[in-house]
Amino acid sequence: MSVKDHHGLEMTGASPAAAELYQKGLTAYHCYAGDAMTPLEAAIADSPRFVMAHVLKAWMTLVGSNSETAMLGVQAFGVAKDLVNVNARELGHLAAIGSLLAGEIRSAARILEDVTIAYPRDSLALHVGQTMDFLLGDSRMLRDRIARALPAWSREMTDWHAIQGMMSFGLEETGFYDRAEACGREAISIQPRNNWAQHGVAHVLLMQGRHAEGVRWMRHDNDAWQAEATLGVHNWWHTALFHLGLGETDEVLKLFDGPIYGEPTTFAFDMADAAAMLWRLKLMGVDVGDRWAPVADSFTKEPRGQNAFVDTHAMMAFVGAGREDEAKALLDLQKSVLQGPGDNAYFTGEVGLPAMQAIHAFGQGAYGKSVELLRGVRNKSARFGGSHAQRDVLDLTLIAAAGRAGEASLERALLAERDQAQPFATPKAPALAA
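Residues numbered from 1 in each chain as written. Predicted model: local features only at pLDDT ≥ 70, side-chain atom pairs only at ≥ 80, totals over all residues. Heavy atoms only, no water.

### Observations regarding the overall build of the protein chain
Here's step 1: Secondary structure assignment for the protein chain yields 22 helices and zero strands.
Here's step 2: Taking 434 residues into account, the globule formula puts the C-alpha radius of gyration at 22 Å, and the protein chain, at 21 Å, falls close to it.
Here's step 3: Oriented by its inertia axes, the alpha-carbon framework of the protein chain measures out at about 75 × 45 × 35 Å.
Here's step 4: Within the protein chain, the fraction of its 434 residues that count as buried is 59%.
Here's step 5: A separation threshold of at least 6 residues defines the contact pool for the protein chain, and within that pool the share at least 24 residues apart is 66%.
Here's step 6: Looking at the protein chain as shown, the accessible area adds up to about 16500 Å², and 51% of this sits on carbon and sulfur atoms.
Here's step 7: When the 39 positive and 52 negative side-chain charges of the protein chain are each reduced to one mean point, those points stand 4 Å apart. (Helix = DSSP H or I, 4+ residues; strand = E, 2+ residues; numbered from the N terminus. Rg over C-alpha atoms; globule rule 2.2 N^0.38 Å. Buried < 20%, exposed > 50% of the residue type's maximum accessible area, 1.4 Å probe, protein only. Contact = heavy atoms within 4.5 Å. Areas by Shrake-Rupley, 256 points an atom, 1.4 Å probe, with all protein chains shown as cover. Lys, Arg positive; Asp, Glu negative; His and termini not counted. Charge placed at Lys NZ, Arg CZ, Asp CG, Glu CD.)

Next comes the structure, spelled out in structure tokens:
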């Protein structure tokens, strides 16, 4: 008997009961909220040869995790690739996971692109494909990967909220703010726990400088995303950015001490968010006390040299905490990264290494050197991944470095540029030169 998912896609090795458990796990994964692993493990217990259950487990645990959790993904992939009678769609997922494990993110993204061209109702392939686009900083594909599949979807279908949440982020990253907000709000109206849709609207409000509305959106308009949210740290980081835009640094520090990093973690993107927030405060001259130390400690507990975007934030933590030996060791490590396999060598050479050098120079008081390095990478910083909001920290560092280097004309020009192009600039931006 062939078992199909809610969208008519065949699933090798699944029983009807396991298929329903899988859907529960998939919904939680799409929402970045709730317990996705328990129903998924139950599906595997019911049907050990259920290929897509192992595939979903691999995807869930390989991206943005720590080394311990990533091993679960490696194990799940090992089980799945040894199963037989795997169909073409499932083989595509396995090939993409294999590319990701080899460090070939661009290859993984292309394989998943082909999967969703053939199977546009594969919401998992759309989800992880967009994640690959995020890691690549590919704004256009963040949008177009989802847009291509839209004709196969309608509002009454399972996972429509997930498709709308993905579309929201892709539209926002390509500047279609009104449509992005509408998609995100529609997704939330269907599934209030969808953290990704909550996040998509937050990006719109930030990019349009709607800081007070952003605080209301994150804190009051919808609080469902806060429960069991695996994207919770990042959404609280966005909440802190809104408070920062309002000049409410005390609120930012409260959030840092609470949901952002009150409980230190070694999950890569949570560490990056923590470091980025403290670095923004440092640029504004805000005393953050001893908050740098636990963030720097977390970065030392995980392997470095695997992701240029994460390593750049590790450098912020080491500089902020005064860990000069670790900062130098991180720079030395990049030499081997540049000669290594996988896409990270490219990301590091194009953006990561000069960004790390610039942040290190800033910490050393070599502001002129920091300016020169950042001017060389700011217009291509998307090449090492992240969103516009995340990469903005490099522009803020450039403005601060220009001011402290005595390059007043450059500082004025950068602030004028920012005022015209980026209404999300914080009210305290002129103080960055202090």
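### Focus on the side chain of Asn235
Here's step 1: Locating Asn235 in the fold gives a position in helix H13 (residues 232–245).
Here's step 2: Contacts of Asn235, omitting those with residues within four sequence positions, involve Asn195, Gln198, His199, Met218 and Trp225.

### A look at the state of the cysteines
Here's step 1: Enumeration over the complete set of coordinates arrives at zero disulfides.
Here's step 2: We note that Cys31 lacks a disulfide partner, and the nearest cysteine sulfur, in Cys183, lies 16 Å from it.
Here's step 3: The class of Cys183 is buried, set by a relative accessible area of 12%. (Disulfide = S-S within 2.5 Å.)

### Describing the pattern of salt bridges
Here's step 1: A complete count under the given rule lists 26 salt bridges for this structure.
Here's step 2: Residues Asp82 and Lys81 are paired through a salt bridge, measuring 4.0 Å at the closest nitrogen-oxygen approach.
Here's step 3: What makes Asp82 exposed here is its relative accessible area of 58%.
Here's step 4: Its salt-bridge partner being Glu251, residue Lys254 comes within 3.6 Å of it at the nearest N-O pair. Taken together, the positions of Lys254 and Glu251, both in helix H14 (residues 249–260) and three residues apart, correspond to about one turn of that helix.
Here's step 5: Judged by its relative accessible area of 55%, Lys254 falls in the exposed class.
Here's step 6: One network of salt bridges, in which partners are shared, links Glu181, Arg185, Arg210 and Glu213. (Salt bridge = Lys/Arg side-chain N within 4 Å of Asp/Glu carboxyl O.)

### So, the packing of helix H9 (residues 160–173) against helix H11 (residues 195–207)
Here's step 1: Packing of H9 against H11 leaves a shortest axis separation of 7 Å and a crossing angle of 20 degrees. Comparing the axis directions of H9 and H11 gives the class roughly parallel. Crossing hand, H9 versus H11: left-handed. Contact with H9, carried on its side by Gly165, Met166, Ser168, Phe169, Glu172 and Glu173, involves Trp196, Ala197, His199, Gly200, Val201, His203, Val204 and Met207 of H11 and no other residues of that element.
Here's step 2: Taken together, the residues that form the contact of H9 with H11 break down as seven nonpolar, five polar and two charged. (Axes fitted to C-alpha atoms, helices over the stretch in contact; angles between N-to-C directions. Parallel < 35°, antiparallel > 145°, perpendicular 65-115°, else oblique. Left-handed = near helix turned anticlockwise from the far one by under 90°. Nonpolar A, V, L, I, M, F, W, Y, C, P; charged D, E, K, R; others polar.)

### Some points on a nonpolar patch on the surface
Here's step 1: A cluster of nonpolar side chains, contributed by Met71, Val74 and Leu101, occupies part of the molecular surface with about 230 Å² of accessible area.
Here's step 2: Residue position: Leu101 is located in helix H5 (residues 88–101).
Here's step 3: A relative accessible area of 39% means that Leu101 is categorised as partly exposed. (Patch = residues over 30% accessible without salt bridge, like charges linked within 9 Å, V, L, I, M, F, W, Y side chains within 5 Å.)

### Some details on the nonpolar core
Here's step 1: Core analysis: the largest hydrophobic core is formed by 143 residues, its most contacted members being Tyr22, Trp59 and Leu124.
Here's step 2: For this core, the leading source of residues is helix H15 (residues 268–283), giving twelve residues.
Here's step 3: When residues no more than four places from it in sequence are discounted, the contact partners of Trp59 are Tyr29, His93, Ala96, Ile97, Leu100, Leu112, Leu124, Val128 and Met132. (Core = buried A, V, L, I, M, F, W, Y, C linked by side-chain atoms within 4.5 Å.)

### With respect to the packing of helix H8 (residues 139–149) against H9
Here's step 1: Across the interface, H8 lies against H9 with an axial gap of 7 Å and an inter-helix angle of 145 degrees. Relative to H9, the crossing made by H8 is left-handed. For the pair H8 and H9, the contacting residues are Ser139, Leu142, Arg143, Ile146 and Ala147 in the first and Ile163, Met166, Met167, Phe169, Gly170, Leu171 and Glu173 in the second.
Here's step 2: Residues of the contact of H8 with H9, tallied by class, amount to eight nonpolar, two polar and two charged.

### What about helix H19 (residues 344–363)?
Here's step 1: The first and last C-alpha atoms of H19 sit only 25 Å apart over 20 residues, clearly below the 28 Å expected at 1.5 Å per residue.
Here's step 2: Its axis deflected by about 45 degrees at Glu350, H19 carries its strongest bend there, up to four residues before the proline Pro354.
Here's step 3: Taking burial as the measure, the 20 residues of H19 include 15 buried ones, the bulk of the element. (Expected span 1.5 Å × (residues − 1). Bend = angle between axes of the 7 residues up to and from the residue.)

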